[in-house]
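This is what each chain is made of:
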Amino acid sequence: MNKSELVDRIASGTDMSKADASAALDATIDAIVEAVAAGDAVKIPGFGNFDVRENAARKGRNPATGEEMDIAASKTPRFKPLGKFKDAVNS
């Protein structure tokens with residue numbers, strides 16, 4: 001499913017116009033991205049949690065040369081499905 005198909009489903013399920021459904025989806029995604037980027041967790045009951053995992057700096061190896069290299073610390077966004085969503089996928 002791509003974004004336009006998702007917008008169509010939102011519009012038909014809520015009696016919104018496609019333009020309003022697209023704006024609502026964009027606003028939702030923007031709010032989630034902004035909150036997670038700021039380090040906050042976003043919890044949607046029955047769907048899942050969005051949060052940030054921090055990866056510490058570490059040593060690694062270049063697979064082409066075998067040379068040891070430093071890998072910088074980084075942050076990775078994470079989604080953990082919960083409840084109804086997890087059950088729907090597993091059934």
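Residue positions are given per chain, counted from 1 along the sequence in the order it is written. Residue-level local features of this predicted model are given only where pLDDT is at least 70; pairs of side-chain atoms are given and counted only at 80 or more, and the full residue set underlies all totals for whole chains, interfaces and linings. Water and hydrogen atoms were dropped before computing side-chain values, which therefore reflect all heavy atoms in the structure.

As recorded in an unreviewed UniProt entry, the chain goes by DNA-binding protein HU-beta and comes from Euzebya pacifica. The record in UniProt for the chain states the following under Sequence similarities (unreviewed entry): "Belongs to the bacterial histone-like protein family." UniProt positions are given in the numbering used here, feature names are shortened, and annotations may be inferred rather than shown by experiment.

K.L.:
Whenever I open this one, the sheet that holds strand β1 (residues 42-44) confuses me. Can you help?
P.N.:
What links the strands of a sheet is backbone hydrogen bonding, and the strands pair in either a parallel or an antiparallel sense. With antiparallel pairing, the three strands of this open sheet are ordered in space as β1-β2-β5. Edge positions in the sheet fall to β1 and β5 (74-81), since each has one partner strand and no second. When the angles between neighbouring strand axes are averaged without regard to direction, this sheet yields 25 degrees. Alignment of strand β2 (residues 48-55) against β5, held across eight bridges, turns out to be antiparallel. If you follow Glu54 over to β5, its bridge partner there is Lys75. Think of it this way: DSSP has to see at least two bridges between two strands before they count as a pair. The helix count covers DSSP runs of H or I at least four residues long, the strand count covers runs of E at least two residues long, and both are numbered beginning at the N terminus. Here the axes come from fitting lines to C-alpha atoms, over the contacting stretch only for helices, and the angles between their N-to-C directions go from 0 to 180 degrees.

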